[in-house]
Amino acid sequence: MSGLAVDLTLDLPGFRLAVSQGFAPSGLTAVFGPSGSGKSSLLRVIAGLETRAQGRVSFDGQDWQGPGCFVPPHRRAIGYVFQDARLFAHLSVAGNLAYAERRARKAGRNPDRSGIVAALGLEGLLTRRPSGLSGGEAQRVAMARALMTAPRLLLMDEPLSALDDAAKGAILPYIEAIRDGMRVPVIYVSHSVSEVARLAHHIVMLEAGEVRRAGLAQDILSDPAAAPAFGIRAAGSVLRAQVLAHHDDGLSELAVAGGRLLVPGFAAVMGAKVRVRIAAQDVILSRQRPEGLSALNVLEGELTDLRQGQGPGVMVRLRMGADQDVLARITQRSARALALAPGQRCFAVIKSLSIAPLDVGGSGPT
Ligand SMILES: Nc1ncnc2c1ncn2[C@@H]1O[C@H](COP(=O)(O)OP(=O)(O)OP(=O)(O)O)[C@@H](O)[C@H]1O
């Protein structure tokens, strides 16, 4: 079997991790879950850093851990990026990269040094010391250093959690470049829904040490039943889109299933494929095509599910066509007033300005 497969338990005082899961052999899989759900522990077991784990870990059909077998961490060809950059303070950026490259070459692997430096935008930083780098720059170096080991699998444990929003926004395109250009499967731990929506092809959702859901990111993100796990205020769907135009008034126009979408302008070439996250609470529903509204975006779709929450809200899924869904969070009162039911044609109204720059990113080879 290609890719990573785990079937393991890890007993810690007061906590048990029990995961039996295959991971996609390419692209970025987000391991998502609340604090304490076991995300970092799972990564540590995969990397071979947790010797107390029982069971099996295999990659591309080769056992890393199993009955009578335990491949030590340095022989697993894994790249690991932590929350903090953990660079060697006494070495320059180039020195940090060279250290990793030597390790890779000793193990018979050949990293693409110039490709990695270019993908992470490090050309101008190579002579700098870690103490002179911003948090975002240091994380880019940490990612490059992990890639310089020519890993077969890249593990990233909340690499953006120490950065502010501006630095996160600046670094996300580099993570997309790794995801789309480096041909290494990435397992990316996060408890940020917006990061997961921006980056993930697949999601493995952990709760209390167990997998609650696993599958394609777009399916899980737009599933009303999964919304409580993401947090109902953060829940939302991801639409695949293509850039049609950049307008003089600062808006970019995208083609999506169900219509066109005007979003705050962003840099991308015409025709580029992107993904757009639409938060469920920013969507208004209408049974008729609305007119005379200030909101610029109206997408038509078919109502497929309604799911009542604990409070006054209802999550509604609209299918826009070709496995593209929009999730809307409205009140039960509105759902009753509109007599909403599965099978109806409905219109989703979305304010352009509710879509933030972090919500639009490269789609990757999905
Ligand atoms: N070395 C350890 N010894 C004992 N308990 C541990 C150890 N490492 C983690 N735990 C416990 O295991 C549970 C899962 O922790 P883990 O760090 O894997 O969760 P997480 O989902 O990554 O959380 P966070 O998002 O806060 O980093 C927690 O209850 C934690 O206290």
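In this text, all values refer to a predicted model and were calculated from it rather than measured experimentally.

So, about the nonpolar core. Within the largest apolar cluster, 53 residues are counted, with the highest numbers of intra-cluster contacts made by Leu 120, Leu 154, Ile 203 and Phe 230. The element that contributes the greatest number of residues to this core is helix α4 (residues 135-148), accounting for eight residues. Two domains each donate at least three residues to this core, and these are domain 1 (4-221) and domain 2 (236-362). Residues contacting Leu 154, with those up to four places away along its chain left out, are Gly 79, Tyr 80, Val 81, Ala 146, Leu 147, Ile 178, Val 184, Pro 185, Val 186 and Ile 187. Val 263, Ala 272, Leu 318 and Leu 340 belong to the second largest nonpolar core, which has 29 residues in total.

In terms of domain boundaries, the protein breaks down into domain 1 (4-221) and domain 2 (236-362). Between the C-alpha centres of domain 1 and domain 2 there is a distance of 32 Å. Across the domain 1/domain 2 interface, buried area totals approximately 1100 Å², and carbon plus sulfur atoms make up 43% of it. Of all residues in domain 1, Arg 198, Gln 218 and Leu 221 give up the largest surface area on contact with domain 2, accounting jointly for 49% of the area buried on that side. At the junction of domain 1 with domain 2, the criterion picks out zero salt bridges. Here domain 1 is connected to domain 2 by nine residue pairs in polar contact (both at pLDDT 80 or more). Elements with a contribution of two residues or more to the side of domain 1 that touches domain 2: α5 (165-181), α6 (193-199) and α7 (217-221).

Here we take up the site of the ligand. Around the ligand, 14 residues are found, and the nearest of them are Ser 35, Gly 36, Lys 39, Ser 40 and Ser 41. In the environment of the ligand, an oxygen atom lies 2.8 Å from a nitrogen or oxygen atom belonging to the backbone of Gly 36. Taking Lys 39, its side chain carries an N or O atom lying 2.8 Å from an oxygen atom of the ligand. Protein coverage of the free-state accessible area of the ligand, which is 630 Å², stands at 62%. Residue contributions to the shell around the ligand peak at three residues, all from helix α1 (residues 39-47). Broken down by class, the residue content of the shell around the ligand amounts to four nonpolar, seven polar and three charged.

Our focus in this paragraph is the packing of helix α2 (residues 93-106) against α4. The N-to-C vectors of α2 and α4 enclose an angle of 20°; their axes lie 7 Å apart at closest approach. By the angle between their directions, the pair α2 and α4 is classed as roughly parallel. Crossing geometry of α2 relative to α4 is assigned as right-handed. Here Val 93, Asn 96, Leu 97, Ala 100, Glu 101 and Ala 104 of α2 come into contact with α4, specifically with Val 141, Ala 144, Arg 145 and Met 148. In terms of residue class, the contact of α2 with α4 is made up of seven nonpolar, one polar and two charged.

Reading guide: rules and limits
Numbers given for residues are sequential positions, taken from 1 along each chain in its written order. pLDDT decides what is reported in this predicted model: residues at 70 or higher carry local features, side-chain atom pairs at 80 or more are listed and counted, and totals for whole chains, interfaces and linings draw on all residues regardless. For the side-chain quantities, the full set of heavy atoms in the structure was used; hydrogens and water were omitted. The term nonpolar core refers to a set of buried residues drawn from Ala, Val, Leu, Ile, Met, Phe, Trp, Tyr and Cys, joined through side-chain atoms within 4.5 Å. Note on classification: 1.4 Å probe, protein chains only; a residue is buried when its accessible area is under 20% of the maximum for its type, exposed when over 50%, partly exposed between these limits. The numbering of helices and of strands both runs from the N terminus, where a helix is a DSSP run of H or I of at least 4 residues and a strand a run of E of at least 2. All the domain ranges listed were derived from an automatic or database domain assignment. Contacts are residue-level and defined by heavy atoms, with any inter-residue pair within 4.5 Å sufficient. Simply put, the buried area is the total loss of 1.4 Å probe accessible area from both parts when two parts are fitted together. For this document, the term salt bridge refers to a Lys or Arg side-chain nitrogen within 4 Å of an Asp or Glu carboxyl oxygen. Pairing of N or O atoms within 3.5 Å defines a polar contact, subject to two protein rules: one partner must be a possible hydrogen donor and the other a possible acceptor, and residues neighboring in sequence count only if both atoms are side-chain atoms. The rule for a residue being near a molecule or strand is that one of its heavy atoms must lie within 4 Å of it. Surface accessibility follows the Shrake-Rupley procedure with a 1.4 Å probe radius. Residue values consider only the protein chains on display as shielding. Only Asp, Glu, Lys and Arg are considered charged in this grouping, and only Ala, Val, Leu, Ile, Met, Phe, Trp, Tyr, Cys and Pro are considered nonpolar; every other residue, Gly among them, is considered polar. Comment: axis = line fitted to C-alpha atoms, over the contacting stretch for helices; angle = value between 0 and 180 degrees taken between N-to-C directions. An angle below 35 degrees is read as roughly parallel, one above 145 as roughly antiparallel, one from 65 to 115 as roughly perpendicular, and any other as oblique. Left-handed describes a crossing whose near helix is turned anticlockwise from the far helix by less than a right angle; the clockwise case is right-handed.

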